[in-house]
Amino acid sequence: MKKILTGVRPTGSLHIGHYLAFIPELLELQKKYKVFLMIADLHSQTYPFPYQPRNLEENVYNLAAEFIALGVDPKKVLIFRQSAVPAHLSLYWILGCLASVGDLERMTQYKEMRERFKDRFTSAGLLMYPVLMAADILIYQPDLIPIGKDQSQHLEMARTLAQRFNHYFGQTFRIPNTYAPKENGQIKSLDEPLKKMAKSKLAGALFIFESEKKIEEKIKRAVTDSGSEILYEPDKKPAISNLMIIYKALTQKTFAEIEDEFRNRGYGDLKKALTREFLGFFKKARQRKESLNKVKINKILKASAKIANKEAAKTLKLVFERTGLS
Ligand code: TRP
């Protein structure tokens, strides 16, 4: 069975933008592939910095619970914490010795982070972030690595390091394929429709597992455009078009059908319908999340980590042999 690996940093709750970008695809993939869904808690140590250990833990459990509630099947998918598989860190060091500091310093995400932390200091962890990601990937020899567009440069780095390792130490790693993420329309913030929906902008982020009241409120307060017609015109009507994209995804209707449905009706009607569809669509997931507790999640994470450790150990053994380590 083909292997898929992906990683997600545990930073908080999933919003509709995350959901649409990732979950439906993941639910399809789990039917056909062995999926390794890694919660990248080690990567989360790089930022925010300094962070609260308690928050990190809470975020890990919460993210795992949200994935499972949304339909990720722990019988099919290995959902585990990166830190529960220490082999990642061993490979990270070995790959670090093959990585060029110049290349790492030229990574876009690193440059952004260095800017963000310029009033403190830039940690070596931030610089090495892509090397750890390369280790995450290469240690499982996956066939496919679904990632967001912002991570494609990091995937490129994983390819480079795999090739370099193979060159110096003999054919060991499968070179990961570049993954072309689908450009299926980014969801924008409800209060700033020209900006991407982000969990840091609370008022504009529609979280899947937020209280019903909050969801109603956020949709009701969502910014709208001038005029009153409900038309899909992303340039002229970015706010309404954004709501329509969400509505379309939840109802499987086309834009034309949505425009028909709301002809001669107002923005408020679309908002009401969207609220209803959103709550209906996620009703089961929201109930499921309620039924998951830390003990259950912990069991799942541990069982998955056990299998992941076994898989990772195979590659690491080979790597140690090839590199003259014991
Ligand atoms: N860096 C990724 C992100 O921020 C998360 C991640 C860590 C990852 N390790 C990975 C993604 C390995 C894919 C494969 O989104």
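Residues numbered from 1 in each chain as written. Predicted model: local features only at pLDDT ≥ 70, side-chain atom pairs only at ≥ 80, totals over all residues. Heavy atoms only, no water.

S.K.: Lay out the domain arrangement of the protein with the relevant residues and their values.
M.R.: If you check the domain split of the protein, you get domain 1 (3-184 + 294-323) and domain 2 (210-281). Using C-alpha coordinates to define each centre, domain 1 is positioned 35 Å away from domain 2. (Domains from an automatic or database assignment.)

S.K.: How would you sum up the site of the ligand? Please name residues and give values.
M.R.: Around the ligand sit 14 residues in total, of which His-43, Tyr-129, Met-133, Asp-136 and Gln-151 are the nearest. At 2.8 Å, a side-chain N or O of Tyr-129 approaches a nitrogen atom of the ligand. Interatomic distance of 2.9 Å between a side-chain N/O atom of Gln-151 and a nitrogen atom of the ligand. Against a free-state accessible area of 360 Å², the protein chains account for coverage of 90% of the ligand. Looking at the shell around the ligand, the elements with two or more residues in it are β1 (3-8) and α6 (124-138). Per element, the largest residue contribution to the shell around the ligand is four residues, and it comes from α6. Considering only residue class, the shell around the ligand consists of eight nonpolar, four polar and two charged. (Near = heavy atom within 4 Å. Polar contact = N/O pair within 3.5 Å; in protein donor to acceptor, adjacent residues only side chain to side chain. Areas by Shrake-Rupley, 256 points an atom, 1.4 Å probe, with all protein chains shown as cover. Helix = DSSP H or I, 4+ residues; strand = E, 2+ residues; numbered from the N terminus. Nonpolar A, V, L, I, M, F, W, Y, C, P; charged D, E, K, R; others polar.)

S.K.: Can you break down the packing of helix α8 (residues 212-221) against helix α11 (residues 267-281) residue by residue, with the values?
M.R.: The relative placement of two packed helices is expressed as an angle between their axes plus a distance between the axes. At a closest axis distance of 9 Å, the pairing of α8 and α11 adopts a crossing angle of 150 degrees. In terms of axis orientation, α8 runs roughly antiparallel to α11. Helix-helix and strand crossings are classified by hand; for α8 and α11 the assignment is right-handed. Only Lys-271, Leu-274, Thr-275, Phe-278 and Leu-279 of α11 make contact with α8, whose side of the interface consists of Glu-212, Ile-215, Glu-216, Ile-219, Lys-220 and Arg-221. (Axes fitted to C-alpha atoms, helices over the stretch in contact; angles between N-to-C directions. Parallel < 35°, antiparallel > 145°, perpendicular 65-115°, else oblique. Left-handed = near helix turned anticlockwise from the far one by under 90°. Contact = heavy atoms within 4.5 Å.)

S.K.: Residue-level account of the packing of aromatic side chains, with values.
M.R.: Tallied over the full model, the rule gives 13 aromatic pairs. Their ring planes at 90 degrees and their centres at 6.5 Å tell us that Phe-36 and Phe-80 sit as a pair that is edge-to-face. Linking Phe-36 in strand β2 (residues 34-39) with Phe-80 in strand β3 (residues 77-81), this pair joins segments that are 44 residues apart in sequence. Phe-80 sits in the buried class, given a relative accessible area of 0%. Each ring, one from Phe-36 and one from Tyr-140, has its centre 4.8 Å from the other, and the planes form 35 degrees; the classification is tilted. A residue pair is termed long-range when its members are at least 10 positions apart, and Phe-36 in strand β2 and Tyr-140 in the loop between α6 and α7 (152-169) qualify at 104 residues. Summarising the burial analysis for this pair, Phe-36 and Tyr-140 share the class buried. Three or more aromatic residues link up through ring pairs in this structure, and these residues are Tyr-19, Phe-278, Phe-281 and Phe-282. Across from the ring centre of Phe-255, 5.1 Å away, lies the NZ or CZ of Lys-248, which sits over that ring. (Phe/Tyr/Trp six-rings, centres within 6.5 Å; stacked < 30°, edge-to-face > 60°. Buried < 20%, exposed > 50% of the residue type's maximum accessible area, 1.4 Å probe, protein only. Lys NZ or Arg CZ within 6 Å of the ring centre and 35° of its normal.)

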